[in-house]
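Below, each chain spelled out in residue letters.
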Amino acid sequence: MKSTIIILLLFLFAAAGEVIRELHVFRVTRYKIRHVKLAGLKHTRKLVFLSDLHNCCYGRENDKLFAAIEKECPDLILIGGDMLLRRDGWSYRQTVEFISRLPKICKVYYANGNHEQKLKEWPERYRQSYKEYRQRLAKAGVHFLENESDTAEWDGVCIRITGLEIPLKNYERSGRKQLSAGEIEERIGRAGGAYEILLAHHPGYIGVYQDWGADLILSGHYHGGVVGIPGGGVIAPDFTLFPKYCGGCYQAGDSAAVVSRGLGAHSVPVRFMNPAELVAVELSPQVSAGL
C-alpha cells in the first residue's frame, strides 16, 4: 500500500512537471500538401500558420517564437485567430508588438477567432478595444480578412486566401449548432477555380468547409484536446469529448485540413502530452495521391 502511494505521488509530480514544461515551450510541426491545382508551381512554397496564442509569450517579447518563424523562411504568414484573450484585466500589448514585427518577414494575413470576433461584435461588454487592436496591426502591415478574400499568384498559380467568421452561436457550448455551405457562401461568396485556402477558426465544421469548396482548411480553437492520447485529444474548449479534429492534418479526397494545437492556453491552463505548436505547411508542386 505504501509503495503504491509513493508511485502515485511520483506520477502526479511528474505529470505536474510535464504540464508546467508544456506551457512554456512549443515545437514546429511541418506538413506537406500536394494538389492538382498546385501542379504549375516551379518550387515548393511555405506557409507558417499561427493560432491560439492567447497572449502567451515565448522569451522576451516573444523573441523565441519570432526567431522560429523567421527560420522557416515562409512565403506567407497566416494567422487563424485567438491571438489575444477577450477577458478584461488582460493586456494584448505584447501580442500587438509581436504580430507587428511579422510583416518584416513576409506578407501576413489575419482571420479572427472567437475571441477577436466577440470583442468586435460585442464592444459594450469589454474594456479592450478590438477597433484599436485591428488599427494598430493594420498600420504595421497586417492584412485582416473578415469574411473577405485576397489572392496571390505564384508561377502562374492563383492562390486565394479567405478568412471566415462563422456566427457566434456556432461557438456555443450547449450543443452543436448547424452550419451549412450555403451560410458560408452568404458570408464569403463561392469557391472558384483558384487554390482555395480557408482560414476558419472552428474545426468542428471541417466537412462543411470542404462542401463549400476549400482545398486547404486551416483551423485551431480546440487546443489539441488539452490532454493528448493516442489518436487525438480528450476534450475541446466547448467541452466536446474526444473531438474528431483537434490537432493534425486530415485528408478527404483532394481537400486537406490542418488543425493547429495552438500556441497558448486560457481559462484552464493545462497541456499534457500535447505540446504547443507552430505550424509550417509546404505547398508542393508534385501531384500525388495523399500527403
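Residues numbered from 1 in each chain as written. Predicted model: local features only at pLDDT ≥ 70, side-chain atom pairs only at ≥ 80, totals over all residues. Heavy atoms only, no water.

Chemist: Lay out the overall build of the protein in plain terms, naming residues and giving numbers.
Modeler: Across its full length, the protein carries seven helices and 14 strands. About 13200 Å² of surface is accessible on the protein, with carbon and sulfur atoms providing 55% of the total. (Helix = DSSP H or I, 4+ residues; strand = E, 2+ residues; numbered from the N terminus. Areas by Shrake-Rupley, 256 points an atom, 1.4 Å probe, with all protein chains shown as cover.)

Chemist: Outline the nonpolar core, listing residues and values.
Modeler: L50, F98, I99, L102 and Y133 are the most contacted members of the largest nonpolar core, which totals 31 residues. At the level of secondary structure, the elements contributing two or more residues to this core comprise β2 (45-50), α2 (63-72), β3 (76-79), α3 (93-101), β4 (107-110), α5 (130-139), β5 (142-144) and β14 (276-284). Considering every element that reaches this core, the biggest residue donor is α2, with four residues. In contact with I99, not counting residues within four places along its chain, are I79, M83, Y110, Y133, L137 and V142. By size, the runner-up hydrophobic cluster in this structure holds 26 residues, among which are Y195, I197, L218 and V279. (Core = buried A, V, L, I, M, F, W, Y, C linked by side-chain atoms within 4.5 Å. Buried < 20%, exposed > 50% of the residue type's maximum accessible area, 1.4 Å probe, protein only. Contact = heavy atoms within 4.5 Å.)

Chemist: Requested: an account of the environment of Q94, with residues and values cited.
Modeler: For Q94, the position within the fold is in helix α3. Linking Q94 and C57, residues 37 residues apart in sequence, is a C-alpha distance of 7.8 Å. A polar contact is formed between the side chain of Q94 and the backbone oxygen of N55, at a distance of 2.8 Å. (Polar contact = N/O pair within 3.5 Å; in protein donor to acceptor, adjacent residues only side chain to side chain.)

Chemist: Which residues make up the packing of α3 against α5, and what are the values?
Modeler: It is the contact of α3 with α5, at a shortest axis distance of 9 Å, that shows an interaxial angle of 25 degrees. Taken together, the axes of α3 and α5 are roughly parallel relative to one another. Crossing of α3 over α5 shows right-handed handedness. For the pair α3 and α5, contact is made by T95, V96, I99 and S100 and by Y133, R136 and L137, respectively. Per-class residue counts for the contact of α3 with α5 are four nonpolar, two polar and one charged. (Axes fitted to C-alpha atoms, helices over the stretch in contact; angles between N-to-C directions. Parallel < 35°, antiparallel > 145°, perpendicular 65-115°, else oblique. Left-handed = near helix turned anticlockwise from the far one by under 90°. Nonpolar A, V, L, I, M, F, W, Y, C, P; charged D, E, K, R; others polar.)

Chemist: Just give me the short version of α3, but keep the residues and values in it.
Modeler: Listed as buried for α3 are T95, V96, F98, I99 and S100. Buried-residue contacts for α3 involve β2, α2, β3, β4, α5 and β5.

Chemist: Please provide a residue-by-residue account of the pairing of β14, values included.
Modeler: Across the nine residues that make up β14, a large majority, eight, are buried. Pairing of strand β1 (residues 26-34) with β14 involves nine bridges; the strand directions are parallel. Its bridge partner being in β14, R30 is matched across the sheet by A280. Pairing between β2 and β14: five bridges, direction antiparallel. Paired with F49 across the strands is V279, a residue of β14. (Pairing = 2+ DSSP bridges.)

Chemist: How would you explain the sheet that holds strand β8 (residues 195-200) if you had to name every residue and give the values?
Modeler: Reading across from one edge, β6-β7-β8-β9-β13-β12 is the order of the six strands in this open sheet, with mixed pairing throughout. In this open sheet, the two edge strands, each paired with only one partner strand, are β6 (148-154) and β12 (248-252). Taking each pair of neighbouring strands and ignoring which way they run, the sheet shows an average axis angle of 20 degrees. With seven bridges connecting them, β6 and strand β7 (residues 157-164) associate as antiparallel partners. Pairing of E153 across the sheet is with C158, part of β7. Contacting β6, β7 and β8, helix α6 (residues 181-188) crosses the sheet at an angle of about 100 degrees to β7.

Chemist: Any chance you could break down the environment of A252 for me, citing the residues and the numbers?
Modeler: The residue A252 is located in strand β12 in this model. Sequence separation of A252 and G207 is 45 residues, and the distance between their C-alpha atoms is 8.9 Å.

Chemist: I'd like a rundown of the sheet that holds β5, residues and numbers included.
Modeler: Taken in spatial order, the six strands make up an open sheet running β1-β14-β2-β3-β4-β5, and their pairing is mixed. Looking at the sheet topology across the chains shown, the edges are occupied by β1 and β5. Averaged over neighbouring strand pairs, the angle between their axes works out to 25 degrees when direction is ignored. Pairing of β2 with β3, which is carried by four bridges, proceeds in the parallel orientation.

Chemist: Now, about the state of the cysteines: what can you tell me, with residues and values included?
Modeler: Throughout the structure, instances matching the rule amount to zero disulfides. For the unlinked cysteine C56, the closest cysteine sulfur is that of C57, found at 8.7 Å. By relative accessible area, C57 is classed as partly exposed at 32%. (Disulfide = S-S within 2.5 Å.)

Chemist: Account for the environment of L283, naming residues and giving values.
Modeler: Relative to the elements of secondary structure, L283 occurs in strand β14. On the basis of relative accessible area, L283 is assigned to the buried category, the value being 0%. The spacing of L283 and Y31 is 252 residues in sequence and 8.7 Å in space, taken between C-alpha atoms. With residues near it in sequence (within four places) discarded, L283 still touches I33, L38, L41, H43, T44, R45, L47, W154, Y195, I197 and L216.

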